[in-house]
Structures are given as C-alpha cells and as structure tokens.
Amino acid sequence: MQKSYIWSLPTRVFHALFVLFILLAFLSADEDRWLNYHAIIGYGVLILLVFRIFWGIFGPKYSLFKDFSIGKQNVKEFLNNIFEDNQKYIGHNPLASYVMIAMLIVALLTVITGVLAFGIQEGKGILSSWNSPFFKEMELFKGIHEIFSTLFLVLIVAHIAGVLSDRLLHKKHETLNSIITGYKITNDNESVKLNIFQKIFAFFMFILFIGFLLFNFYKPNNILVSSIYKTIDYQTQNEVFVNECASCHTLYPSHAFA
Ligand code: HEC
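Counting starts from 1 at the beginning of each chain's written sequence and moves along it residue by residue. In keeping with the model being predicted, local features are shown solely for residues with a pLDDT of at least 70 and side-chain atom pairs are shown and tallied solely at 80 or more, while totals for entire chains, interfaces and linings include all residues. Excluding hydrogens and water, the side-chain values take into account all heavy atoms of the structure.

Per an unreviewed UniProt entry, the recorded name for the protein chain is Cytochrome b, and the organism is Arcobacter acticola. UniProt positions are given in the numbering used here, feature names are shortened, and annotations may be inferred rather than shown by experiment. UniProt, in the comment section headed Subcellular location (unreviewed entry), describes the protein chain in these words: "Cell membrane".

To continue, consider the site of the ligand. Here a residue counts as near a molecule or strand whenever at least one of its heavy atoms sits within 4 Å of it. Within the structure, the ligand sits among Glu244, Cys245, Ser247, Cys248 and His249. Here a polar contact is recorded for every N or O atom pair within 3.5 Å, except that within protein the pair must consist of a potential hydrogen donor and a potential acceptor, and residues adjacent in sequence are included only if both atoms are side-chain atoms. With respect to the ligand, the side chain of His249 contributes an N or O atom lying 2.7 Å from a nitrogen atom. Here the residues of the shell around the ligand are counted per class, giving two nonpolar, two polar and one charged. Residue polarity follows a fixed list, in which Ala, Val, Leu, Ile, Met, Phe, Trp, Tyr, Cys and Pro are nonpolar, Asp, Glu, Lys and Arg are charged, and the others, Gly among them, are polar.

Okay, the environment of Ile70 next. Per the convention used, a helix needs a DSSP run of H or I reaching at least four residues, while a strand needs a run of E reaching at least two, with both numbered from the N terminus. Take Ile70: it is sitting in the loop between α2 (35-58) and α3 (72-80). For the pair Ile70 and Phe215, spaced 145 residues apart in sequence, the C-alpha to C-alpha distance is 40 Å. Among residues more than four places away in sequence, those in contact with Ile70 are Ser97, Tyr98 and Ile101. Should any heavy atoms of two residues lie within 4.5 Å, those residues are considered in contact.

A few words on helix α8 (residues 196-218). Multiplying 1.5 Å by the residue count of a helix minus one yields the expected span of that helix. Its 23 residues place the ends of α8 33 Å apart at the C-alpha level, agreeing with the 33 Å of an ideal helix rising 1.5 Å per residue. Type-normalised accessible area, obtained with a 1.4 Å probe on protein chains alone, sets the label of each residue: buried when under 20%, exposed when over 50%, and partly exposed for intermediate values. The complete set of buried residues in α8 reads Gln198, Phe201, Ala202, Met205, Phe209, Phe212 and Asn216. Two or three places before Phe197, at the start of α8, stands the capping residue Asn195, its side-chain oxygen 3.1 Å from that residue's backbone nitrogen.

All right, on to the pattern of salt bridges then. Note on definitions: salt bridges are taken to be side-chain nitrogens of Lys or Arg within 4 Å of carboxyl oxygens of Asp or Glu. Evaluation of the coordinates by the stated rule reveals three salt bridges. Between Lys61 and Asp67 there is a salt bridge; the shortest N-O distance is 3.3 Å. For Lys61, a relative accessible area of 45% puts it in the partly exposed group. Judged by relative accessible area, which is 21%, Asp67 ranks as partly exposed. Lys142 serves as the salt-bridge partner of Glu146, at 3.9 Å between the closest nitrogen and oxygen. Taken together, the positions of Glu146 and Lys142, both in helix α6 (residues 140-169) and four residues apart, correspond to about one turn of that helix. Judged by its relative accessible area of 40%, Glu146 falls in the partly exposed class. Residue Lys142 is classed as partly exposed on the basis of its relative accessible area, which comes to 35%.

Cavities and pockets are found on a 1 Å grid laid over the protein atoms alone: a cavity is a set of points where a 1.4 Å probe fits but cannot escape, a pocket is an open set with protein on both sides within 12 Å along at least five of seven lines, and a lining residue has an atom within 4 Å of such a point. Grid points are joined across faces, edges and corners, and a volume is the space filled by probe spheres set on the points. Counted by the stated rule, this structure contains one cavity of 30 Å³ or more. Quantified by volume, the largest cavity comes out at close to 30 Å³. Around the largest cavity, the lining residues are Val163, Asp166, Arg167, His170, Lys171, Glu174, Thr175 and Leu176. Elements that contribute at least two residues to the lining of the largest cavity include exactly α6 and α7 (175-181).

Here the focus is the nonpolar core. Each nonpolar core is a collection of buried residues, namely Ala, Val, Leu, Ile, Met, Phe, Trp, Tyr and Cys, held together in the definition by side-chain atoms within 4.5 Å. Membership of the largest hydrophobic core comes to 43 residues, with the highest contact counts inside it found for Phe18, Val45, Leu48, Leu49, Phe51 and Phe152. Elements supplying a minimum of two residues to this core: α1 (9-27), α2, α4 (94-120), α6 and α8. No other element matches α4, which puts twelve residues into this core. For Phe18, the contacting residues outside a window of four places in its chain are Val45, Leu48, Leu49, Ala107 and Phe152.

Here Glu174, not a glycine, exhibits a phi torsion of approximately 60 degrees, which is positive. Within the secondary structure, Glu174 is located in the loop between α6 and α7. With a relative accessible area of 29%, Glu174 lands in the partly exposed category.

Take a look at the structure:
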C-alpha cells in the first residue's frame, strides 16, 4: 500500500469553495433584504460549476466525467463487494459518481431557475426586463427554484452519508482525509499530475472567481442585481411619518397621489 496524490489542488479548492458557497446560498435564502447577496452567491456557484464542468472534460484523471464509473454492471459489482476492505475504485465509486452527476445538474438548474425568479418575479438582474406582475403573484419560478434547492439538500445528505459509510467500510483508503490532503492510500502508485494547460486554466478560473467577488464588492448595484424599479428613500420624503407611523402604516410614495 502507498500514498497516491488523487485530488489535485484545484479540485480541492473547488470543493471547499463549493461547500462554502452552497452553505452561504442556503443561509441567505430566507431574508428579503439578503436577496441581492443571495443572487451574487448564486452567480459565484455558477462560476464554480463552469470550472467543474470543464474540469470534467479535460481535467486530471479522477476528475474526468469519463472516469465516473456509472452503469448497472459497475453498481452491481460495487454493491456485491461493498464489505470488502480493498476497493478497486480510486476516484469516485459508482454510487458516488451518480450523486456527483446529479449534484452538478441540480445545482445548475437551481442557479438557472434562481436567475429566472430573480428577473421575472423581482424585476432584478440580467432578466429584469422579463419582469411580470402576473408571475410575481404566482411565485411560479421561486417555487421551482425551491424544489431544486430542496433536491440539492437531499443530494448533500446522500453525499455525506456516502462519505461516512465509506469511512466505516473502507477506512484504509483514507477517502475522508483526501478531501483535504488530496492523498489516498492505494495498492499501486496512482498519482495524478497536472499539465501546464490544466494549471493555467485552474489559475485563470480562480482569478476570475476572486475578481467576480471583488467586482460585486466595489460595484454592488451592477447589472447582475440592479432592479428595474427605482428605490424610494421614504426617510427623505417624509421623515416624521417614517419615525412616528411607519412601524404600523405603509408610506405610499407621494407621486402615487399626484
Ligand atoms: C402602533 C401602531 C400604529 C402607529 C404607530 C400609528 N398607527 Fe395609525 N392606525 C393604527 C391602527 C391599528 C389603525 C386602525 C386601522 C383600522 O381601523 O382599520 C390606525 C388608523 C389610522 C388612521 C385612520 C385610517 C382610517 O382608515 O380611518 C389614520 C389617519 C392613522 N392611523 C394615521 C396615523 C399617523 C399619521 C400615524 C403617525 C403619527 C399613525 N397612524 C401611527 C396603528 C398605528
């Protein structure tokens, strides 16, 4: 047995950022006043997904989609040998591969329906011109967005359950630690090495991601979140009313009575 370098640095950084941003997305989902942050976080997830999809096409061996051992035969064989200590799958096992693919697809659909809900229902973001009062009432897109995010939650549970049961059954491969270290214990040396193209691509995507966050930090009202509606500062319109009465009454904008 020996140590093999299975998960390259970009793969692990992607994983850590994906965990963080999915967590932030769920935490920011419930409050209206955090909606813009929620949208930015969603776009961040989208950048991560774009990276992961390219990484699955020309990344290192175990990150490639073609290394995902799906198929009925593989699943059957994996389940038949699941209690064996020595596992032949070095990257994702067949069940894990299904969960990975489902996670990528559901995350992508969650982002897309989020952008639709944000534009059509809220009049915000790149699809703000599609805003329609009819859909705002109906909350159709928000509903679909929530179905996908709930589905994603189910996949997270499946993913964690998979990792933990792997920890119990195949402890010696050190899969759990490999999330952080990148190293697994294998029979032969199965290490990956990034080529220069992969390194440049990963570096570029990382810079893009950080640049995206900085851009939103310095220009918080950019096209990704800007609204077709003008915000009205009631405080400057009628300060006394806001202070004395607005805790119970709504202040209508003065032009509504003109
Ligand atoms: C603590 C909550 C609260 C605050 C603060 C408050 N109101 Fe009210 N107001 C009410 C309630 C409750 C009613 C009764 C609504 C009803 O009868 O349907 C009401 C009724 C009214 C009405 C009568 C509306 C009608 O249809 O007859 C007026 C006018 C009004 N408020 C003005 C004000 C103004 C001006 C202020 C600020 C100085 C203010 N209110 C502050 C709770 C509040």
